[in-house]
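Inside the fold
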Amino acid sequence: MKKFNIRKVLDGLTAVSSSSSASAQPGTHRENDVVQETLQSEHFQLCKTVRHGFPYQPSSMAFDPVQKILAVGTQTGALRLFGRAGVECYCQHESGAAVIQLQFLINEGALVSALADDSIHLWNLRQKIPAILHSLKFNRERITYCHLPFQSKWLYIGTERGNIHIVNVESFTLSGYVIMWNKAIELSTKTHPGPVVHISDNPMDEGKLLIGFECGVVVLWDLKCKKADYRYNYDEAIHSVAWHHEGKQFVCSHSDGTLTTWNVRAPAKPAQIITPHGKQPKDGKKPEPCKPILKVEYKTTRAGDPFMVLSGGLSYDTVGRRACLTVMHGKSTTVLEMDYPIVDFLTLCETPYPNDFQEPYAVVVLLERDLVLIDLGQIGYPIFENPYPLTIHESPVTCCEYFADCPAELIPALYSIGSRQKRQGYSKKEWPISGGNWGQGTQSYPEIIITGHADGSIKFWDASALMLQVLYKLKTAKVFERARGKEEKPNTDIVEEDPFAIQTLSWCPESRMLCVAGVSAHVIIYRFSKQEVTTEVVQLLEVRMQCEFSDVDSPDPGGEQTPTLPTPGASSSPQEAEPPTQPTTGSNSSDGPRDNIPCLQVRSSPLKQSPGYQVELVIQLVWVSGEPPQQITSLAINSSYGLVVFGNSNGLAVVDYLQKTLLLNMGTSELYSPSDPYQRQPHSPRKARQPSGAVCDSNDGPNTSEDRCKSPTSVKFKSRRFSKTVANDFAKMSRKISSSSEQKADLDAKDNSFSRSRSSSVTSIDRESREAISAFYFCESFPRKTDSLVSPCVLVGTTQGSVMMVALSLPPGGDQRLQQPVGISSCGTLARLKGGILTMALLDAAGTLLPPSYESWYDPNASDEEKEKSRKRRPASPPTSQEGQDSQFAVLCSEKQAKVVALPSQTRIYKHNITETSFVLRADVVQMAGTNCIACFCANGHIMTLSLPSLRPLLDMNYLPLTDMRIARTFCFSNMGQALYLTSSTEIQRITYSQETCDNLQEMLSELFTPVETPEAPNRGFFKGLFGGGAQSLDREDLFGETTAGKASRSLAQHIPGPGNMEGMKGAASGVVGDLARARIALDERGQKLGELEERTAAMMSSAESFSKHAHDMMLKYKDKKWYQL
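Here goes a summary of the coordinates provided. Treat the numbers as computed from the prediction; the structure is a model and nothing was measured.

Glancing now at the overall build of the protein chain. A count of helical and extended segments in the protein chain gives 13 helices and 64 strands. The burial tally for the protein chain puts 55% of its 1126 residues in the buried class. Considering only intrachain contacts with a sequence separation of at least 6, the fraction spanning at least 24 residues in the protein chain is 61%. With an accessible surface of roughly 49700 Å², the protein chain has 50% of that area assigned to carbon and sulfur atoms.

The next thing to look at is the sheet that holds strand E28 (residues 342-349). Spatially, the 3 strands line up as an open sheet ordered E28-E29-E30, and their pairing is antiparallel. At either end of the open sheet lies a strand with only one pairing partner, and these are E28 and strand E30 (371-375). Here the strands of the sheet are splayed against their neighbours by 20° on average, with no regard to which way each runs. Here E28 pairs with strand E29 (residues 360-367) via 7 bridges, running antiparallel. By the bridge assignment, Asp344 is partnered in E29 with Leu366.

Let us now look at the environment of Pro606. Mapping Pro606 onto the fold places it in the loop between strand E41 (561-563) and strand E42 (607-609). Owing to a relative accessible area of 43%, Pro606 belongs among the partly exposed residues under this scheme. Note: C-alpha distance between Pro606 and Thr534 (72 residues apart in sequence) is 6.7 Å. Once residues lying within four places of it in the same chain are set aside, the contact partners of Pro606 are Thr534, Thr535 and Glu536.

One can find Glu771 in the loop between helix H5 (764-769) and strand E49 (773-781). At a separation of 2.6 Å, a polar atom in the side chain of Glu771 contacts the side chain of Thr798.

On to the packing of aromatic side chains. For any pair of aromatic rings, geometry is given as the distance between the ring centres together with the angle between the planes. Going through the model one piece at a time under the given rule, you end up with 22 aromatic pairs. Geometrically, the ring pair formed by Phe973 and Tyr993 is edge-to-face, given 5.7 Å between the ring centres and 80° between the ring planes. Taken together, the residues Phe973 in strand E61 (residues 972-974) and Tyr993 in strand E63 (residues 987-994) connect sequence positions 20 residues apart. Each of the two residues, Phe973 as well as Tyr993, counts as buried. Among the aromatic side chains, those forming a connected cluster through ring pairs are Phe403, Phe460, Tyr472, Trp507, Phe528, Tyr613 and Trp857. The aromatic ring of Phe1009 is capped on one face by Arg126, whose charged end is 4.2 Å from the ring centroid. For the cation-ring pair, Arg594 lies above Trp623, with the distance from its terminal atom to the ring centre recorded as 4.6 Å.

On to the nonpolar core. Ranked by internal contacts, the top residues of the largest apolar core, which has 43 residues, are Ile914 and Ile934. Excluding residues that lie within four positions of it along the chain, Ile914 makes contacts with Cys893, Ser894, Lys896, Gln897, Ala898, Val920, Cys936, Cys938, Met944 and Leu946. Ranked by size, the runner-up nonpolar core spans 35 residues in total, among them Cys406, Ile411, Val479 and Leu607.

Strand order across the open sheet formed by 4 strands is E44-E45-E46-E47, with antiparallel pairing between neighbours. Looking at strand neighbours, the two that pair on one side only are strand E44 (634-638) and strand E47 (661-667), the edges of this open sheet. Looking at each pair of strands side by side, their axes are set apart by 10° on average, direction ignored. Examined bridge by bridge, strand E45 (residues 643-647) and strand E46 (residues 651-656) share 5 bridges and lie antiparallel to one another. Within E46, the position partnered with Val645 by the bridge is Val654.

Attention shifts here to the pattern of salt bridges. Applying the stated criterion to the full structure yields 28 salt bridges. Measuring nitrogen to oxygen at the nearest pair gives 3.2 Å for the salt bridge that ties Asp356 to Arg302. Pair noted here: Asp356 is in the loop between E28 and E29 and Arg302 is in the loop between strand E24 (293-299) and strand E25 (307-312), with a separation of 54 residues, a long-range link. Exposure remark for Asp356: the relative accessible area of 11% places this residue in the buried category. We classify Arg302 as exposed; its relative accessible area is 54%. The residue Glu401 makes a salt bridge to Arg922 at a minimum N-O spacing of 3.2 Å. In this pair, Glu401 is assigned in strand E31 (residues 397-404) and Arg922 in strand E57 (residues 920-928), connecting sequence segments 521 residues apart. Overall, Glu401 belongs to the buried group, its relative accessible area being 19%. When salt bridges that share partners are traced, they join Arg51, Arg80, Glu88 and Glu987 into one network.

Rules used throughout
- Starting afresh in each chain, residues are numbered from 1 along the sequence in its written order.
- It should be noted that, the model being predicted, local features are given only for residues of pLDDT at least 70 and side-chain atom pairs only at 80 or more, the latter also being counted only at that level, while totals for whole chains, interfaces and linings use all residues.
- For side-chain calculations, the full set of non-hydrogen atoms in the structure is used, while hydrogens and water are omitted.
- Each helix is a run of DSSP H or I of at least 4 residues and each strand a run of E of at least 2, with the numbering of both proceeding from the N terminus.
- In this scheme, a residue with accessible area under 20% of its type's maximum is buried, one over 50% is exposed, and one in between is partly exposed, where area comes from a 1.4 Å probe on protein chains only.
- In what follows, a contact means two residues having at least one pair of non-hydrogen atoms within 4.5 Å.
- For accessible areas, the Shrake-Rupley method is used with a probe of radius 1.4 Å. Any residue's cover is judged against the shown protein chains and nothing else.
- We treat two strands as partners when DSSP finds at least two bridges between them.
- Where helices are involved, their axes are fitted lines through C-alpha atoms of the stretch in contact, as for all axes, and angles between N-to-C directions lie from 0 to 180°.
- Side-chain atoms alone can form a polar contact between residues adjacent in sequence; in general such a contact is a pair of N or O atoms within 3.5 Å, and within protein one must be able to donate a hydrogen while the other accepts it.
- Centre distance within 6.5 Å is the pairing criterion for rings of Phe, Tyr and Trp, where only the six-membered ring of Trp is used; planes under 30 degrees apart are then read as stacked, over 60 as edge-to-face, and the remainder as tilted.
- Geometrically, a lysine NZ or arginine CZ counts as sitting over a ring once it is within 6 Å of the ring centre and also within 35 degrees of the ring normal.
- Each nonpolar core is a collection of buried residues, namely Ala, Val, Leu, Ile, Met, Phe, Trp, Tyr and Cys, held together in the definition by side-chain atoms within 4.5 Å.
- Every case where a carboxyl oxygen of Asp or Glu lies within 4 Å of a side-chain nitrogen of Lys or Arg is listed as a salt bridge.

Printed below as a string of structure tokens:
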């Protein structure tokens, strides 16, 4: 995680007159100068913090059995390291090549990675952000397999040509000792044996190296004598090899699904051949071939039968069967089905020594999209409960929100509810990957991340202190009926797959009210309760949002009618509207257009709702005269007012969720007042060929005389997993990047006329050209210029850059609130900006953020007395405006600009052009260092912050060019300088734009390496040491060193020093290499002591022989003498 060089913008640029700097409006009120801004450029710095989730496209894995750390490599060159829950680390190889193999220097705090670009790297894990100490790039040979013996500094590297090279991991230099393939195999063999697929040393004799070639040949190589001791031939390709710990037997897995067991001293034929999943014919013939066994591990136990664990090997007739892991123990064979294909697996054992009983206790299985740990110590092999946040991608993430510094009681409340959702049947043992230590960061504020998913589920995550833990999962699809079969599938869907997918959400942390919008044009409002409840009938409100579309045209010189760009602002008058030709009740007959039909069917049976979020109201948009409802583009909920407001390309609707009524259903153009200077007019006064749809008024109900959008046929929009939405986004962005707004209008007009000539349905381009609602903000402000008292309002932003004010008139609280209607009136346009509106906020006269009012949380299922105790409406903000004075600032940010408008005078006092050549994807008003600023993420990759209210540029840094729509859809800022986005379909990347967090990052990050004593080597016993049979050591330094083996060819590989500074590198290297040296000295001392023991034993034997000789001589001397002759 490297820090970025940042281009900080000098303060005081507001005085410079340029298109990119903030400019003050002439005649600004003098009280605006009173706002003291404390944020400076020095408060900002940008860096990555942590990455959460499952490693995207994993390719390899390794485990340190002493440190208890797991490493996972990916196809994109990433490394993810896992310890105990909360201990995670991410680092990246610069080349981006796939990681084909990982090898820990066990208990040394170092890791070797081999990449598909034929480079090997030594990582130092003794620092919180791991760094590469050395790299070696092979030029002439492709790396296929690596092996690093325990407590050795010599790394064996097998290649595609069948050769084996040896690398010193301390200096990362090649030894002159090379095992050439033609010397390893028999001279009589005419064909090349293929790549090296396995290397390992005999557990009992380090001087004997077992080499497996792909063709099926295995060679036991004597390192000292530089010759092959034995060669083992089998006519099926080899995939892996595993030793018995006594070094007398090994097992090979083959491409025909067989396992061959070989005795080391009997190379002529295998001691045993088995096909674990093959059907055994009765006539004694060979079993039918099976799929390849990709890997086998052979682990012994003191007390019982050995374990043989393998992946693959299923018979070919199991078509469609999921990937399996097979565990053979004694006479039992257990097949464990996996949810995804197996990438790799490792058997975790009690000892790191290969020449001791292994005592396996678990198997860690790396799948393509999951990580599973199997407990070998319990009957039935249950899995361990995974403590890592690896289920982000359980269903694809479709939206994401980040809340930093939220109420402290929220996380315990969500955790207590979510803990009841946990699955049962897990292993009762502790998670075995338990290495590392947590960071010592001082950040203590609660952070929550909410993710919406394609299956309609919503997950709440505790993201405090750079960790991530799932708190609670909500399934919104439970509200709807599910189609049981294809023939029952409703044909009113507007998306072919994932009809329940979450489009956007609005959450009030203080009141715990949650409102979600789905792709099927539905909105669900939830309340939080700690008590279970059964809802007999789900409350449903259907909303008919008319498409407000007029088709204007004029005859061209050729005499043909050519449709032109429809004008959202011009809706026909009621007098022009045709009477409805369809009945107002739902119609879905095959001979007529669909009408008044929602896309999903709400369940009719009683709904049992567990403690947590419970459905309050479901709102569905319905089909209108053959036109499907448009997807919801913006959403907001306010618990203090009891209102939900949502909008799309047709307009906006306001719903009172307390009274369960629709208050307003208005087209976007009707928000403009008649005298509004921003009122959008038709491009030319051409006569409309057909009348357009009039907007349904809320008070008239469904029986209002409405004309239908012209569509002679019913057209069903279909998409595959958001392909439509994503395509629209891509089209929108490419048009924005490639053309100016004027050119865009012309292009859209041409595109529109083309699409309309084929079908009169509302296409994606039509929808884009119309003015959709893009943002809402509830506030207590001055709706009109003449107001002197604040009142409840909603700021409404559109995709064409207009900001309108809508005034709300709320009845008094208590019973009157539930009986009297809420009044709503549009107050016209407040401001107009370039580009669509992204975010809005309100500041008081001192520049302090005025958040929307809220009602404190109370349990809706509690008794009335408890409700009254906890139910307190937050008082409205008291500011009033003196005549001629402004007491509030409205902060408005669009895709191109930011403006600050004084209220109630509605005078623009500051303006800043954020970008000319690109556009802003996400903007948020956030708290930072005790005050507020605007944070923006642009499509060109720049992250910027602007001060408030003066809009001074404080940070502008090119961080991440937009290469993936997923980033655009999930990027979000939060308070305290935090931000995040989905960097892949399975991973969340968190970043900070706070200098303070960057400075404290080292303390906050977890520690991977902890000093642990290496377990003692197994005691071989006196007699094994005396008469042989113990582990034979090898002086590899003498064998592979430069003095004996000479230098390797310089052209074979190139040494590359690590990227870190030399001092840090030396310090880190001295730690790793020093420990290696100490380990070697310890081994030498152990060898010396063993040598002394042998010398003493030899002296005792010679002394015993001398004593025996003397005793024999004495016996012969006195043998024939009588006792009295002595």
